[in-house]
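Topology and contacts: notes
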Amino acid sequence: MKKAILAGLAVMSPALAPMATAQQPERVIAYLDKNADGKCDLNEYLGYQVSRITQVDKDGDGELNQAEFKESLQGKAKTNIAVLFKGANSEGGRTLSKKEFLGYQAWVFKTFIDTDNDAFMSQEEWTSIMSKSG
Ligand SMILES: [Ca+2]
Ligand SMILES: [Ca+2]
Ligand SMILES: [Ca+2]
């Protein structure tokens with residue numbers, strides 16, 4: 001079953017949104033849930049985001065420029081690319097390092113995904129963020 005979800009992720013990337021309609025939320029959480037406690041925590045979420053860096057890093061320099069960063073965003077977030085890029089670019093420069101990108105993703109997780117602040121992404125929270133990001 002994990003293999004099937006993995007294949008789904010590869011096909012659907014870099015956007016997560018289509019995956020939500022193609023995959024049951026419990027299967028998405030199960031895929032992200034590396035320590036198998038039934039929940040997806042911040043570290044597990046960031047582990048997934050690390051794999052996405054390589055997917056959107058077209059020039060392969062290990063960092064994300066604004067165009068590459070845009071590829072990692074979904075839906076309405078793309079229209080705020082300049083603001084989001086500036087916000088994520090905490091150390092300055094023309095690109096986002098892995099650290100900056102993960103810092104941004106941690107902020108997204110805490111601010112937009114984990115709405116009940118229990119430090120885990122539930123199936124409901126996943127479903128909710130996917131419906132908003134479309
Ligand atoms: Ca877990
Ligand atoms: Ca790059
Ligand atoms: Ca939560």
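Everything quoted here is computed from the prediction, not taken from an experiment.

How each quantity is defined
Residues numbered from 1 in each chain as written. Chains lettered and ligands numbered in written order. Predicted model: local features only at pLDDT ≥ 70, side-chain atom pairs only at ≥ 80, totals over all residues. Helix = DSSP H or I, 4+ residues; strand = E, 2+ residues; numbered from the N terminus. Contact = placed C-beta atoms within 7 Å. Buried ≥ 20, exposed ≤ 12 C-beta atoms within 10 Å, placed from the backbone. pLDDT = per-residue confidence, 0-100. Core = buried A, V, L, I, M, F, W, Y, C linked by C-beta atoms within 7 Å. Axes fitted to C-alpha atoms, helices over the stretch in contact; angles between N-to-C directions. Parallel < 35°, antiparallel > 145°, perpendicular 65-115°, else oblique. Nonpolar A, V, L, I, M, F, W, Y, C, P; charged D, E, K, R; others polar.

Right, let's talk about the overall build of the protein for a bit. The helix and strand tally for the protein stands at eight helices and two strands. Ordered by position in the sequence, the α and β elements of the protein form the string α-α-α-β-α-α-α-α-β-α. For the protein, long-range pairs separated by at least 24 residues make up 50% of all intrachain contacts whose partners lie at least 6 apart in sequence.

Relative to the helices and strands, Asp57 resides in the loop between helix H4 (42-56) and helix H5 (66-72). It is 9.3 Å that separates the C-alpha atoms of Asp57 and Ser72, two residues lying 15 residues apart in sequence. Ignoring anything within four residues of it in the chain, the contact list for Asp57 reads Gly62, Leu64 and Glu68.

Backbone geometry places Ala36, a non-glycine residue, at a positive phi of 55°. For Ala36, the position within the fold is in the loop between helix H3 (25-32) and strand E1 (40-41). Assessed through the 7 C-beta atoms surrounding it within 10 Å, Ala36 is described here as exposed. Its identity as a non-glycine residue notwithstanding, Ala119 has a phi of 75°, on the positive side. Positionally, Ala119 belongs in the loop between helix H7 (98-113) and strand E2 (120-121).

Along the chain, Val50 turns up in helix H4. Sequence-wise, Val50 and Lys99 are 49 residues apart; in three dimensions their C-alpha atoms are separated by 9.7 Å.

Time to look at the confidence of the model for the protein. When pLDDT is averaged along the protein, the result is 86; 81% of the residues meet or exceed 70. The weakest mean pLDDT in the protein belongs to helix H1 (residues 2-12) at 45; the strongest belongs to E1 at 97. Low pLDDT, under 50, characterises residues 5-15; the stretch is placed with 18 contacts to residues that sit more than four places away or in other chains.

Formed by Val28, Ile29, Tyr31, Cys40, Tyr45, Phe109, Phe120, Met121, Trp126, Ile129 and Met130, the largest nonpolar core amounts to eleven residues. When neighbours within four sequence positions are excluded, Tyr45 is seen to be in contact with Leu32, Cys40, Phe109 and Met121. Core analysis: the next-biggest nonpolar cluster, separate from the first, contains eight residues, Ile53, Leu64, Phe69 and Phe101 among them.

Here we take up the packing of H3 against helix H8 (residues 123-132). Remark: H3 packs on H8, axes separated minimally by 9 Å, with the N-to-C direction vectors making an angle of 110°. With respect to their mutual orientation, H3 and H8 come out roughly perpendicular. Contacts between H3 and H8 involve Pro25, Glu26, Val28 and Ile29 from the first element and Gln123, Trp126 and Thr127 from the second. Looking at side-chain class alone, the contact of H3 with H8 contains four nonpolar, two polar and one charged residues.

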